[in-house]
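Listed below are the residues making up each chain.
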Amino acid sequence: MHLILSYSDRVLFLAYSYIQDDTKTRMTILDAPNKNFGLDTKEFDRLVEALKRGNTDLFKSIFQNHFRDCVSYIQRKYSATYDDAYDASMTTILVFRKRLVEDKIAYGNLRFLFTKMASQHYIKAAKSVSTASIDNVEISDSEEDGIHDEDIQKLSLAWNRLDDACKELLQMNYYGGMKLAEIALQLNKSATAIRKQKERCKSKLINLFHN
Amino acid sequence: MKSFYEKYQNASEETKDALLNRAVNKMLDKQLQSEIEVGLSADQPISITKKEPFARRRWLRIVIAAAASIAVLIVAYINLSDTGDITVLTSKYLSEDLPTHPGVEKGAGEQATKIRNDAIKAFNDQNYTLSGNLFKQISKKGEEDNYYLALSSLYAGQYSEAIQVLQKNLQNPNSKYVQEMNWYLASAFILNDNKEQATQQLEQINPGNWNYDKAQKLLRKLSKQ
């Protein structure tokens, strides 16, 4: 049973569980933060909001703490090497962030979900290695989307030279998955102004990339 | 194969947006990963460079032993003969004189940021890919940050990027690192196989400048090739 409750709801339910002497409900409510990296629903909402705005500080501190447990779990469960368990856990952190900003992950049992996803990444990677050795063919991500490591390095240099306003806007739109209308609301500007600003920022970034 | 820039220029407006979106996501994911790795290496025994226990990796010991033997042979070859490959000689010069970051300057008037400290630590630990990523993330980079960013790229084998950053840094003729940057830029050109530009750059290193003798040796080798 996954409870999606606000802080005040949790207090009410907890009080109710004591009155009714309902141990199961009481334990579920008390255990909720444990299952969700110590976050209650409000903190979870704040985490997602921050990620959408491009602020990853809270996210990093939470997942750094859980990372070691996850690596150990995969090593234990699948007799995986440290490196493979590490890679699976790191991939999961990045995918988890993406799903959070896309509102595809709800408060419930985040710890379990994260570990489950890391296990799936590990199994998938292990399978792809064995398939590659049979077919002698390996297609990397960069070959699939045509964006190579060198491009990313150049883009990173260009990004560092981009002004803060453009970084903020592109980060919210691209990395935070926010729609331009939402950004306009957040930045207290009109949607048209934000759309035009985005086009200018894209041109600036590409020019910096090329020069 | 088309480069990202060519692809972008030839794409429709919609595709351009999707392409840039993917590239920015990839880049920011890499930055996030670096930051998490720094956090992991800073506060726990788990480390980004930690691998399986060394004793269990016998094949690794064999490979390292073989590599060390080859390295000794190469060094001996260079020392005994003047006809060694110029890239090998350049690599030798770079590896025998590994730079270290002196740390954040005292009294610089700026509170050292955590990210800069992490970058310096990674650089001095010779984890150049990580230090490069971290130096890039410093929002207001000073002259020193840019200098060590360039060295991180060079020692990480990212020669094109090192060249790009060094050329930009050298636009400031009053930089306190001009002599060092002339040397490192020449080295980056050699390792990137830009021999003509390497020659021009080596000629900028004058008598009395840092590594003048080495520059002359490299120039002589270049003229023979």
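Everything numeric here is computed off the predicted structure, so don't read it as measured data.

1. Topic: the overall build of chain A
Across its full length, chain A holds 11 helices and 0 strands. Across chain A, helices and strands are ordered from the amino to the carboxyl terminus as α-α-α-α-α-α-α-α-α-α-α. For chain A, the share of sequence-separated contacts (at least 6 apart) that also reach a separation of at least 24 residues comes to 64%. Total accessible area computed for chain A in this model is approximately 11700 Å², and 51% of it derives from carbon and sulfur atoms.

2. Quick word on the overall build of chain B
Secondary structure summary: chain B contains 11 helices and 0 strands in total. Residue burial in chain B is summarised as follows: out of 225 residues, 43% are buried. Taking the contacts inside chain B whose residues are at least 6 apart along the sequence as the reference set, 51% of them involve residues at least 24 apart. For chain B, the accessible surface area stands at approximately 12200 Å², while carbon and sulfur atoms represent 51% of it.

3. Looking at the state of the cysteines
Residue and element names in this part refer to chain A. Counting across every chain of the model gives 1 disulfide over all chains. One disulfide in the model links cysteine 166 with cysteine 201; its S-S distance is 2.2 Å. Judged by the sign of its S-S torsion, about -80 degrees, the bond between cysteine 166 and cysteine 201 is left-handed. Residue cysteine 166 is found in helix H9 (residues 164-175), and its partner cysteine 201 is found in helix H11 (residues 191-210); the two are separated by 35 residues along the sequence. Take cysteine 166 and cysteine 201: they sit in the same class, and that class is buried.

4. So, the nonpolar core
Of all hydrophobic cores here, the largest spans 64 residues; its most connected members are A:Leu100, A:Leu205 and B:Val24. Counting residues per element, this core draws most heavily on helix H5 (residues 82-101) of chain A, which supplies 10 residues. With residues up to four places along the chain from it excluded, the contact list for A:Leu100 reads A:Phe44, A:Leu47, A:Val48, A:Leu51, A:Phe59 and A:Ile105. B:Leu149, B:Val165, B:Leu166 and B:Leu222 belong to the second-largest nonpolar core, a separate cluster that totals 43 residues.

5. With respect to the interface of chain B and chain A
Across the contact, 46 residues belong to chain B and 42 residues belong to chain A. The tally of links between chain B and chain A comes to 5 salt bridges. Only helix H1 (4-10), helix H2 (13-43), helix H6 (128-137) and helix H8 (159-169) of chain B provide two or more residues apiece to the side of chain B that touches chain A. Per-element tally for the side of chain B that touches chain A: the top contributor is H2(B), with 23 residues. Here the side of chain B that touches chain A is composed, by residue class, of 18 nonpolar, 11 polar and 17 charged.

6. A closer look at the confidence of the model for chain B
All names here are of chain B. Taken as a whole, chain B shows an average pLDDT of 79; of its residues, 76% reach a score of 70 or greater. Low pLDDT, under 50, characterises residues 44-56; the predicted model gives this stretch 26 contacts beyond four residues in sequence or across chains. Considering only residues more than four positions removed or in separate chains, one finds that residues 79-83, a stretch of pLDDT under 50, has 5 contacts.

7. Remarks on the confidence of the model for chain A
Taken residue by residue, chain A gives an average pLDDT of 82. The fraction at 70 or more is 76%. Across residues 134-140 of chain A, where pLDDT falls below 50, the model places 5 contacts with residues more than four positions away in sequence or in other chains.

8. A closer look at helix H11 (residues 212-224) of chain B
All names here are of chain B. Relative to the 18 Å expected for 13 residues at 1.5 Å per residue, H11 spans 19 Å between its end C-alpha atoms, a close match to the ideal helical length. Regarding H11, the residues found buried are Lys214, Ala215, Leu218, Leu219, Lys221 and Leu222. Buried residues in H11, looked at end-on, bunch into an arc of 165 degrees, giving them a common side. Of the exposed residues in H11, the ones pointing more than 90 degrees away from its buried face are Asp213, Ser223 and Lys224.

9. Quick look at unusual backbone geometry
At A:Asn188, a residue that is not glycine, the phi angle is positive and equals roughly 60 degrees. As for its position among the elements, A:Asn188 is in the loop between helix H10 (180-187) and H11. Judged by relative accessible area, A:Asn188 falls into the exposed class, the value being 72%. The backbone of B:Asn211 sits at a positive phi, close to 65 degrees, despite the residue not being glycine. Locating B:Asn211 in the fold gives a position in the loop between helix H10 (195-202) and H11.

10. Points about the packing of H9(A) against H11(A)
All names here are of chain A. Packing of H9 against H11 leaves a shortest axis separation of 10 Å and a crossing angle of 105 degrees. Taken together, the axes of H9 and H11 are roughly perpendicular relative to one another. Residues Ala165, Cys166, Leu169, Leu170, Asn173 and Tyr174 of H9 form the contact with H11, whose participating residues are Ile194, Gln197, Lys198, Cys201, Lys202, Lys204 and Leu205. Among the residues forming the contact of H9 with H11, the class breakdown is 8 nonpolar, 2 polar and 3 charged.

11. Points about the packing of aromatic side chains
Per the counting criterion, the structure on display carries 21 aromatic pairs over all chains. What links up through ring pairs into an aromatic cluster is the set B:Phe123, B:Tyr128, B:Phe135, B:Tyr147, B:Tyr148, B:Tyr155, B:Tyr177, B:Tyr184 and B:Trp210.

12. Thoughts on the side chain of A:His66
All names here are of chain A. With respect to the secondary-structure elements, histidine 66 resides in helix H4 (residues 57-78). Judged by its relative accessible area of 5%, histidine 66 is buried. Dropping the residues within four chain positions of it, histidine 66 is found in contact with Phe37, Arg111, Phe114 and Thr115.

The rules we used
- Residues numbered from 1 in each chain as written.
- Chains lettered and ligands numbered in written order.
- Predicted model: local features only at pLDDT ≥ 70, side-chain atom pairs only at ≥ 80, totals over all residues.
- Heavy atoms only, no water.
- Helix = DSSP H or I, 4+ residues; strand = E, 2+ residues; numbered from the N terminus.
- Contact = heavy atoms within 4.5 Å.
- Areas by Shrake-Rupley, 256 points an atom, 1.4 Å probe, with all protein chains shown as cover.
- Buried < 20%, exposed > 50% of the residue type's maximum accessible area, 1.4 Å probe, protein only.
- Disulfide = S-S within 2.5 Å.
- Core = buried A, V, L, I, M, F, W, Y, C linked by side-chain atoms within 4.5 Å.
- Salt bridge = Lys/Arg side-chain N within 4 Å of Asp/Glu carboxyl O.
- Nonpolar A, V, L, I, M, F, W, Y, C, P; charged D, E, K, R; others polar.
- pLDDT = per-residue confidence, 0-100.
- Expected span 1.5 Å × (residues − 1).
- Arc of directions from axis to C-beta.
- Axes fitted to C-alpha atoms, helices over the stretch in contact; angles between N-to-C directions.
- Parallel < 35°, antiparallel > 145°, perpendicular 65-115°, else oblique.
- Phe/Tyr/Trp six-rings, centres within 6.5 Å; stacked < 30°, edge-to-face > 60°.

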